[in-house]
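# Descriptive analysis of the structure
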There are 2 protein chains.
Amino acid sequence: MNKTRLRKYAHLIASTGANIQKGQEVIVAAGLDQPEFVKMLVEECYKLGAKKVSVDWSYQPLEKLAIRYQSSKVLGKLEDWQIEKWKHQAEFLPAKIYLTSEDPDGLKGVNQKKYAKARAERAITIKPIRRAMENRYQWCIAGVPGEAWAKKVFPGMRVSTAVEKLWEAILDTSRVDDDPIAAWDAHNKDLADRSAYLNSLELRKLVYKASNGTDLTVGLIPEALFCAGGETSTEGIYFNPNIPTEEVFTSPKKGEAEGIVYSSLPLSYGGELIENFWIRFEGGKAVESGAERNADLLNEMLTLDEGASYLGECALVPYSSPIRKSGVLFYNTLYDENAACHLAIGMGFTNVLRDFDKYTDDEAHKLGINDSVTHVDFMIGTADLSITGIDKDGKEIKIFENGEWAF
Amino acid sequence: MNKTRLRKYAHLIASTGANIQKGQEVIVAAGLDQPEFVKMLVEECYKLGAKKVSVDWSYQPLEKLAIRYQSSKVLGKLEDWQIEKWKHQAEFLPAKIYLTSEDPDGLKGVNQKKYAKARAERAITIKPIRRAMENRYQWCIAGVPGEAWAKKVFPGMRVSTAVEKLWEAILDTSRVDDDPIAAWDAHNKDLADRSAYLNSLELRKLVYKASNGTDLTVGLIPEALFCAGGETSTEGIYFNPNIPTEEVFTSPKKGEAEGIVYSSLPLSYGGELIENFWIRFEGGKAVESGAERNADLLNEMLTLDEGASYLGECALVPYSSPIRKSGVLFYNTLYDENAACHLAIGMGFTNVLRDFDKYTDDEAHKLGINDSVTHVDFMIGTADLSITGIDKDGKEIKIFENGEWAF
């Protein structure tokens, strides 16, 4: 891949993405796949004035060995120094950049139950610390091609060709063209305009319907906003958590979801793919589900904790999004969630509440923001999906028609 | 490289090297160069019963950026959680495996003074913790080829060929043949026999002479032993800190070194090469030095702290060692120090003292073990080096003649 274009991408992530501030600490999480790009990104952070940039490297095959050989107790435990590291982050609020590159099938064959339990235990340990730092620091997720990932997305190609093709798909969908910064400014403005319109409607419900059988009504929280693109940390720093992003999203009201929804894309979860699945909701809760592949894993996902069976997010993405138009199935949520409308089970976002910092967590949960250690997006957008909004007076407003924005 | 042979090497490092115990934690430090070998090594550790194996990955280009962009203050500081991690190690005594693979020229061009100062500051911070865990845990250093390292060792070759050749040189000199474990048992017995003989002589001085001008007399500590090959932690676990190792070594008496010594191989220090250098000692102290290349760096090295100008190690290696016979200049101390007799400036080894655990650090230093934050080996062995021992009665005993053991 052309180095100038890669450096533009690195700069986009460090500036428009994480918006690194002078004197700030930065932590990058990355696999071993693209060390030279990581080096570029680190240098871009320093050039923006970062005082210290650390990289937490990870290597999926070692995670697989850990799941296999470690006892459940050891696997679920964070050492004191690891907790101390989280506390350091809560205190000094380093910006965090996550470079995703893993093999979607990389954890195939592991004991998923053992792994999910261990992840949940670790998540519980650090939950108070994560909560304490929530919305206070900038973060950004972006992708770089790993070899196994590229081979999954472009099977039958030579590895080097597949990696090159995946680089192209990543850079194209991330708007890395002549002037990525300007492209993102324009894109963010469009998303902000759509969110503002939706928020002016004072919607109370969304009704999803599609020919695949989807017929779901989801309740909305009056205090919650539709959000999109960049957000602003409580420290007042504007940043873009996802590169790319096409969605306008909110967190729905816990306890208000009735009907059935069918998936429109495979879901990569814990290294496995859950395919052609459906979930039926009653009183907001997932009470029944099924899948052509990995139905048990879907059920585990929905029962990880109490909140895992309730919705945490409703996201609106036109079927004509650049990611969908690229024709590439990425097998990676960062991209695929921007190909289509989606929902998420698990944790909702307290920061979608208007003036969210005036609410305690408990108050936010009482308003209807779901609480869980997990958050998993799954795609439901189809070419014929319609979404109707119902406002506070019961009036119906077309939001989506034939998979596209209706306004 | 043949996978069966690599797995034998991984097993050798985990068993004969670090001698991983059932239920023990293991920390591996590795570059990004050979992740598949790291995976093999981690699996071998688990197979020996390790309860948890973590890998601390590092990437030299990021160190270079850190030296360039971080302030001296930030560069020299360890965060609280990093100190906590060291304390965890002092408490739980995980075995540590270091896989060396760096580019010998990887830190060329950095501000060496800034870097050395920062390293010294970090070393001072953790010195009490390192001291508290010293001799109590197993550790092992071994090598794996990095691309830049391989290109340095085998210039003019294609990268993949150079890496393959360096793998061969590493595996050959590390005795990874049909049965590496048996080969190491035999080798360790030979080294133990030679050490036992040297210790029976009750030597008080070593006199080094060679035609290049070397003429140096070094005092020995009566309470100190010659050691070699494996050692035993205070927890009673036998392990081999270096793969390969050919040396029989001791720590000399601080304050007793007179004369001049000439290097016989280049010294890789802080990413730079110091070449064709000499050091003159008076009253044990390096009082004058010179080098054809990087003389200033040599001087910085010798003045890093008070102890850096005194000797910490005398190591005896026959000129016919497998490393020398391989004809390969590795530009890496782990290998090159086993090609020839060498000395080290800086920290001596308190565990060379007979019944070392009955001495406090202060007592060990009073006996003559040098104290410093640094320890740097440099090669002095030539084909015509002679070493004469002088025992407690003033009797002369030939130890080395024409670069080889004289007994």
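Residues numbered from 1 in each chain as written. Chains lettered and ligands numbered in written order. Predicted model: local features only at pLDDT ≥ 70, side-chain atom pairs only at ≥ 80, totals over all residues. Heavy atoms only, no water.

## Things to note about the relation of the copies chain A and chain B
Worth spelling out the cut-off: The copies were overlaid by least squares, fitting only the C-alpha atoms of residues that reach a pLDDT of 70 or more in each copy.
With an RMSD of 0.0 Å, the operation that places chain A on chain B is a rotation of 180° combined with a shift of 0.0 Å along the axis. The superposition of one copy onto the other is thereby described by a two-fold rotation axis. Closest to the rotation axis within chain A is the C-alpha of Trp81 of chain A, separated from it by 2.7 Å.

## Looking at the pairing of strand β1 (residues 25-31) of chain B
All names here are of chain B. Test applied: The buried label applies to any residue whose accessible area, calculated with a 1.4 Å probe on protein chains only, is under 20% of its type's maximum; exposed applies above 50%, and partly exposed to all values in between. Where helices and strands are cited, they refer to DSSP runs of H or I of at least four residues and of E of at least two residues respectively, numbered from the N terminus. Looking down the strands as they point away from the viewer, one classifies a crossover as right-handed if the path from the first strand across the helix to the second runs clockwise. A pair of strands is treated as paired once DSSP finds two or more bridges between them.
A large share of β1 lies buried, amounting to six of its seven residues. Taken together, β1, helix α2 (residues 35-47) and strand β2 (residues 52-58) form a β-α-β motif whose crossover is right-handed. As paired elements, β1 and strand β3 (residues 95-100) share five bridges and run parallel to each other. Each bridged residue has a counterpart across the sheet, and for Ala30 the counterpart in β3 is Leu99.

## Some points on the sheet that holds strand β15 (residues 311-316) of chain B
Residues and elements named next belong to chain B. Overall, antiparallel pairing links the five strands, which are arranged β7-β10-β15-β16-β17 in an open sheet. For this open sheet the edge positions go to β7 (227-228) and β17 (375-379), each flanked by a neighbour on one side alone. Here strand β16 (residues 342-346) runs beside β17; their pairing, made up of five bridges, is antiparallel. Residue pairing in the sheet places Leu343 in a bridge with Phe378 of β17.

## A closer look at the interface of chain A and chain B
By a frequent convention, interface size equals the accessible area lost on bringing the separate parts together. Note the threshold: It only takes one pair of heavy atoms within 4.5 Å for two residues to be counted as in contact. Once two parts are joined, some of their accessible surface, as seen by a 1.4 Å probe, is lost; buried area is that loss totalled over both. Salt bridges are counted wherever a side-chain nitrogen of Lys or Arg sits within 4 Å of a carboxyl oxygen of Asp or Glu. Throughout this description, a polar contact denotes any pair of N or O atoms lying within 3.5 Å of each other; where both atoms belong to protein, one of them has to be capable of donating a hydrogen while the other can accept it, and for residues adjacent in sequence the pair is counted only when both atoms sit in side chains. Lys, Arg, Asp and Glu make up the charged group, whereas Ala, Val, Leu, Ile, Met, Phe, Trp, Tyr, Cys and Pro make up the nonpolar group; the residues left over, Gly among them, are polar.
Listed by partner, the interface residues are 30 residues for chain A and 30 residues for chain B. In total, about 2,900 Å² of surface goes out of reach between chain A and chain B, with carbon and sulfur atoms giving 70% of it. There are four salt bridges connecting chain A and chain B. For Arg68 of chain A, the salt bridge identified is with Glu43 of chain B, shortest N-O distance 3.5 Å. Where chain A packs against chain B, one counts six residue pairs in polar contact (both at pLDDT 80 or more). Put simply, the parts of the chain that give the side of chain A that touches chain B at least two residues each are α2 (35-47), β2 (52-58), α3 (60-69) and α5 (80-92) of chain A. When residues in the side of chain A that touches chain B are grouped by element, the largest group, seven residues, is from α2 of chain A. Here the side of chain A that touches chain B is composed, by residue class, of 15 nonpolar, three polar and 12 charged.

## Comments concerning the sheet that holds β2 of chain B
Residues and elements named next belong to chain B. Filter applied, for reference: Lines are fitted to the C-alpha atoms to define the axes, a helix being fitted only along its stretch in contact, and any angle between axes, read from their N-to-C directions, falls within 0 to 180 degrees.
Spatial strand order, β2-β1-β3-β4: four strands in an open sheet with parallel pairing. The open sheet has two edge strands with one neighbour each: β2 and β4 (139-143). Each strand of the sheet is rotated relative to its neighbour by a mean of 15°, with strand direction disregarded.

## Re the pairing of strand β18 (residues 386-391) of chain B
Residues and elements named next belong to chain B. In terms of burial, β18 is largely enclosed, as six of its six residues are buried. As paired elements, strand β5 (residues 203-209) and β18 share six bridges and run antiparallel to each other. Residue pairing in the sheet places Leu203 in a bridge with Asp391 of β18. In textbook terms, the turn of a hairpin is the stretch between consecutive antiparallel strands, and for β18 and strand β19 (residues 396-401) this stretch comprises four residues, one of which, Gly394, has a positive phi near 85°.

## Here we look at the confidence of the model for chain A
Note the threshold: Note: pLDDT gives the predictor's confidence per residue, expressed from 0 to 100.
Confidence in the prediction for chain A averages 95 pLDDT; 100% of positions are at 70 or higher. In the predicted assembly, ipTM is 0.86 and pTM is 0.87.

## Things to note about the pattern of salt bridges
Here the structure, examined in full by the defined rule, presents 46 salt bridges over all chains. Between Asp361 of chain A and Arg131 of chain A there is a salt bridge, and its shortest N-O distance comes to 3.5 Å. Residue Asp361 of chain A is found in helix α13 (residues 361-367), and its partner Arg131 of chain A is found in helix α6 (residues 112-133); the two are separated by 230 residues along the sequence. The exposure class assigned to Arg131 of chain A is buried, which follows from its relative accessible area of 17%. Residue Asp371 of chain B pairs with Arg131 of chain B through a salt bridge whose shortest N-O separation is 3.4 Å. Taken together, the residues Asp371 of chain B in the loop between α13 (361-367) and β17 and Arg131 of chain B in helix α6 (residues 112-133) connect sequence positions 240 residues apart. Three or more residues are tied together by salt bridges with common partners; here these are Lys127, Arg131, Glu134, Asp361 and Asp371 of chain A.

## Comments concerning unusual backbone geometry
All names here are of chain A. The omega torsion across Ile243 and Pro244 is 0°, close enough to zero to call that bond cis. Checked against the element boundaries, Pro244 lands in the loop between β9 (238-239) and β10 (248-250). Here Glu202, not a glycine, exhibits a phi torsion of approximately 50°, which is positive. In this fold, Glu202 is placed in the loop between α9 (180-200) and β5 (203-209). Take Glu202: its relative accessible area is 38%, and that puts it in the partly exposed class.

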